[in-house]
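Listed here are the chains, written in short residue letters.
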Amino acid sequence: MLKLTRVTKKYGTQTVVDNLDLNIPQGIVFGLLGPNGSGKTTILRMAMGLLKPTSGRLSILEKYSPGDKLVRKKLGYMPQQLAVYPGLSVYENVLFFGRLYGIPESVVQSRTHKLLKMVELEPEQNKLAGDLSGGMLRRLMLATTLIHQPSLIILDEPTAGVDPSLRLRFWDWFAELAQTGTTILITTHHISEASRCDKVAFLREGKLLEYDTPESLMERYNCNDLEKAFVQATQARIGG
Amino acid sequence: MVTHWISWRIIREIMRDRRTLAFFFLVPLLVMSLIYYALQEDETARLGVVSRGVMRLFEADLMMTLEEEDIELVSLDIPDEEVDPELLEKLIWAELRDGHAEGILFLGEQLLEERFDGKRGRIDFYLEGSRPTLTASVVESVASAMDDLAASLPVVIDSSCSAFCANSVNIKPLDLEEHFLYGSEDYRLIDFFLPVFPPFFVFFFTFLITTITFQRERLRGTLERLLIAPVSFAQIVMGYIGGFIIFSGCQAVIILTFILTLMSFKITLSQVGAITILTLLMLLISLVLGLLASFLAANEFQAVQFIPLVILPQIFLSDMIWSIDSFPVFFQWISLALPLTHANVAMRNVLLKQQNLWDSWPQLLTLSGFFLGILLFLVLVSSRQQNSA
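Residues numbered from 1 in each chain as written. Chains lettered and ligands numbered in written order. Predicted model: local features only at pLDDT ≥ 70, side-chain atom pairs only at ≥ 80, totals over all residues. Heavy atoms only, no water.

A few points about the overall build of chain A
Helix and strand counts for chain A stand at eight helices and nine strands. In summary, chain A has a C-alpha radius of gyration of 18 Å against a globular reference of 18 Å for 240 residues, a match within 12%. If you line up chain A on its principal axes, its C-alpha atoms span 55 × 35 × 35 Å. Burial analysis of chain A (240 residues in total) assigns 53% to the buried set. (Helix = DSSP H or I, 4+ residues; strand = E, 2+ residues; numbered from the N terminus. Rg over C-alpha atoms; globule rule 2.2 N^0.38 Å. Buried < 20%, exposed > 50% of the residue type's maximum accessible area, 1.4 Å probe, protein only.)

So this is what it looks like as structure tokens:
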């Protein structure tokens, strides 16, 4: 679905992503894990066509480049910020993002209702987004991301500031979406919760440390916690 | 003790924000300079004198009297030869139209004959008329010089005329007949300022709201979401224009209606159409300028700083209230780079000079150029920011 071949991104003399090779297959939940400043958001921005790599190549669905109009129609993005319109109602926000993708009016309206039901925001649909709590806003963001039924969903720290029960609900929704063939690319620095991903990549200072299933990584580093596996992978790389 | 740490934090942050520092220290200097030049001196009206026939003999004396007045005497590009009166009048109007003087006094050879016939004697006074302050200044100066001119003119007194009678003939006031190129003596000072209100207010409010709204769109992250959707940057700009045009359009209608009510003269439908087009052009310019300002600003604080930086020079240098002639050449060059300068000229041409909108084609062309130039710069800045973000 998304392939990075020797991708490097530099800002001046600072290398943020360093010669990265990554292949993310279709229909999985893929976790891009690493501490702040490890290059996760830069990779996402390159995948969305918002940034150009300094060198290397990114391809989506084998033949398309990020930023191509066809790719943009199939791409859903949920940023870390609460990027919705506080002056629009919950219903209007979802409708607006659907209309941006040119979805026919009757379809977009029925989809909006379905999505609001899914994220349990139907009773709040007439409330202004600006009046919602943080957790509700996250759910609204997810609904606006899914309205055009994207085949690649990029989620940047989707569970940041979300309470534990809602965090579990989010991961359930991600798993359900992956089962329908949607590819989900998630970044998080809550490494332990990423054990629900089908595959993960450990990143540090723009370099790829590991790339495998959470189970295999935990087995490789002989631990039962993905966070410990990450620490050991980092130490192993520093140790040489 | 905690207080000084809060102060320390503020000082550290501001010291690191060079744009804020510049705003803090340079903008007051700029504004004070503008106020200084704006209020430094009043505009000086220019007067030309044309005399024909025997009246040429009295021109030098008249000029000496007029030199004592607070006006500038200018020489005109009218040949000093006897020509058809109609042609001469055309030449006088052309001088006024070309902006060489605010008033031209014409001393015709019939003046003495009329005085000798016991009449007051007519002097034609041609006025440009579009700037009430200058018109008033030139009229006042000429009026006070007329008594001296009347006294210097020869008189014919018959033998039956007593000393008192002779004196009364001498001081008989001249008949000063005013002819206006634009407007009339009914033009009030406020009529000169009213036409600039619609473009200014539309520019000011649209720039203000666009800058803040788009800055919020960027900081909130929704702009990024728009940009990854199958939406082009041009579509976003057009969407903004479409959204704002309704409110700015309503605002423009309110301002225009208010101003048209206040105007002391009749406004035609084509004039309303012309000023609507000009206001719309200013709306488009302020919109793209607002978008550009929000792109150049790193945060809402910096975006707010653009507002006085863009608005204040336009108030001072666009010939809105103060004549640009009272400013140094440097500021006069800057005034040419301000959209409001050109909009004000066109608005006054349409409303005060009763000209066709298309007669102001240089201004229309310049304003369109401003819109396209800023739009192009905006696209460049936005794509550059995307690649370096």
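Some details on the sheet that holds strand E1 (residues 2-11) of chain A
All names here are of chain A. On the basis of which strands lie adjacent, the open sheet formed by three strands has the order E2-E1-E4 and antiparallel pairing. In the strand order of this sheet, the two ends are held by strand E2 (14-24) and strand E4 (55-60), each with one partner. Neighbour to neighbour, the strand axes of the sheet diverge by 20° on average, direction disregarded. Of the pairings in the sheet, the one linking E1 to E4 comprises five bridges and is antiparallel in character. Residue pairing in the sheet places Leu-4 in a bridge with Leu-58 of E4. Packed onto the sheet, helix H1 (residues 40-47) meets E1, E2 and E4 and runs at close to 120° relative to E1. (Pairing = 2+ DSSP bridges. Axes fitted to C-alpha atoms, helices over the stretch in contact; angles between N-to-C directions. Contact = heavy atoms within 4.5 Å.)

What to know about the state of the cysteines
Within the structure shown, the criterion is met by zero disulfides over all chains. Free cysteine: Cys197(A), not disulfide-bonded; nearest cysteine sulfur from Cys223(A) at 16 Å. (Disulfide = S-S within 2.5 Å.)

A closer look at the packing of helix H9 (residues 197-220) of chain B against helix H11 (residues 233-262) of chain B
All names here are of chain B. Their axes nearest at 9 Å, the elements H9 and H11 cross at an angle of 145°. Crossing geometry of H9 relative to H11 is assigned as right-handed. Across the interface between the two elements, Phe-197, Pro-198, Phe-201, Val-202, Phe-205, Thr-206, Ile-209, Thr-210, Thr-213, Phe-214 and Glu-217 from H9 touch Phe-233, Ile-236, Tyr-240, Phe-244, Ser-248, Gln-251, Ala-252, Ile-255, Leu-256 and Ile-259 from H11. (Left-handed = near helix turned anticlockwise from the far one by under 90°.)

Quick word on the pairing of strand E7 (residues 183-188) of chain A
Moving residue by residue along a regular strand, the side chains alternate between the two faces of the sheet. All names here are of chain A. Counted residue by residue, E7 has six buried out of six residues, so it is predominantly covered. Here E7 shows a buried face lined by Thr-183, Leu-185 and Thr-187 and a second buried face lined by Ile-184, Ile-186 and Thr-188. By the bridge criterion, five bridges tie strand E3 (residues 29-33) to E7 in an arrangement that is parallel. By the bridge assignment, Leu-33 is partnered in E7 with Thr-188. Note that the unit made of strand E6 (residues 152-156), helix H6 (residues 164-179) and E7 has a crossover that is right-handed. (Right-handed = clockwise from strand over helix to strand, strands pointing away.)

Notes on the pairing of E1(A)
All names here are of chain A. For E1 and E2, the ladder comprises seven bridges, and the chain directions are antiparallel. If you follow Val-7 over to E2, its bridge partner there is Leu-20. Connecting E1 to the antiparallel partner E2 that follows it, the hairpin turn spans two residues, and Gly-12 within it adopts a positive phi of roughly 65°.

Considering the sheet that holds strand E1 (residues 45-51) of chain B
All names here are of chain B. One open sheet accounts for five strands, arranged E2-E1-E3-E4-E5; its pairing is mixed. One side of each edge strand has no neighbouring strand; the edge strands of this open sheet are strand E2 (71-73) and strand E5 (175-180). On average, each strand axis in the sheet is tilted by 25° relative to the strand beside it, whichever way the strands run. Pairing of strand E4 (residues 122-127) with E5 involves six bridges; the strand directions are parallel. Bridge pairing in E5 places Asp-124 opposite Glu-177. Helix H3 (residues 56-67) contacts E1, E2 and strand E3 (103-107) of the sheet and is inclined by roughly 165° relative to E1. Contacts from helix H6 (residues 132-152) reach E1, E2, E3, E4 and E5 within the one sheet, and its direction differs from that of E4 by about 160°.

Description of the pattern of salt bridges
All names here are of chain A. The final tally for this structure, using the stated rule, is 15 salt bridges over all chains. Between Glu-210 and Arg-220 there is a salt bridge whose closest N-O contact spans 2.5 Å. Linking Glu-210 in strand E9 (residues 207-212) with Arg-220 in helix H7 (residues 214-220), this pair joins segments that are 10 residues apart in sequence. On the basis of relative accessibility, which here comes to 13%, the residue Glu-210 falls in the buried class. Given the relative accessible area of 43%, Arg-220 is considered partly exposed. (Salt bridge = Lys/Arg side-chain N within 4 Å of Asp/Glu carboxyl O.)

Some points on the packing of aromatic side chains
All names here are of chain B. For the structure shown, the criterion picks out 27 aromatic pairs over all chains. On the basis of an interplanar angle of 75° and a centroid distance of 5.7 Å, the ring pair of Phe-24 and Phe-25 is categorised as edge-to-face. On the basis of relative accessible area, Phe-25 is assigned to the exposed category, the value being 54%. Taken together, a centroid distance of 5.4 Å and an interplanar angle of 75° make the contact between Phe-192 and Phe-193 edge-to-face. Taking relative accessible area as the criterion, Phe-193 reaches 17% and is therefore assigned buried. Counting every residue linked through ring pairs, the aromatic cluster contains Tyr-36, Tyr-37, Phe-327, Phe-330 and Phe-331. The ring of Phe-192 carries the charged tip of Arg-348 above its face, separated from the ring centre by 3.7 Å. (Phe/Tyr/Trp six-rings, centres within 6.5 Å; stacked < 30°, edge-to-face > 60°. Lys NZ or Arg CZ within 6 Å of the ring centre and 35° of its normal.)

A look at the side chain of Ser89(A)
Structurally, Ser89(A) can be placed in the loop between strand E5 (75-78) and helix H3 (90-100). Take Ser89(A): its relative accessible area is 8%, and that puts it in the buried class.

Looking at a negative patch on the surface
Together, Glu67(B), Glu68(B), Asp147(B) and Asp148(B) give the surface a local cluster of negative charge. By the element assignment, Asp147(B) lies in helix H6. (Patch = residues over 30% accessible without salt bridge, like charges linked within 9 Å, V, L, I, M, F, W, Y side chains within 5 Å. Areas by Shrake-Rupley, 256 points an atom, 1.4 Å probe, with all protein chains shown as cover. Lys, Arg positive; Asp, Glu negative; His and termini not counted. Charge placed at Lys NZ, Arg CZ, Asp CG, Glu CD.)

Some points on the nonpolar core
In this structure, Leu32(A), Leu140(A), Leu142(A), Ile154(A), Phe174(A), Phe202(A) and Leu226(A) are the most contacted members of the largest nonpolar core, which totals 150 residues. It is helix H12 (residues 269-296) of chain B that provides the largest number of residues to this core, a total of 15 residues. What Ile154(A) contacts, discounting residues up to four positions off in sequence, is Leu44(A), Ala47(A), Met48(A), Leu75(A), Gly76(A), Tyr77(A), Met78(A) and Leu185(A). One finds Leu62(B), Ile71(B), Leu107(B) and Ala145(B) within the second-largest nonpolar core, a separate group that totals 26 residues. (Core = buried A, V, L, I, M, F, W, Y, C linked by side-chain atoms within 4.5 Å.)

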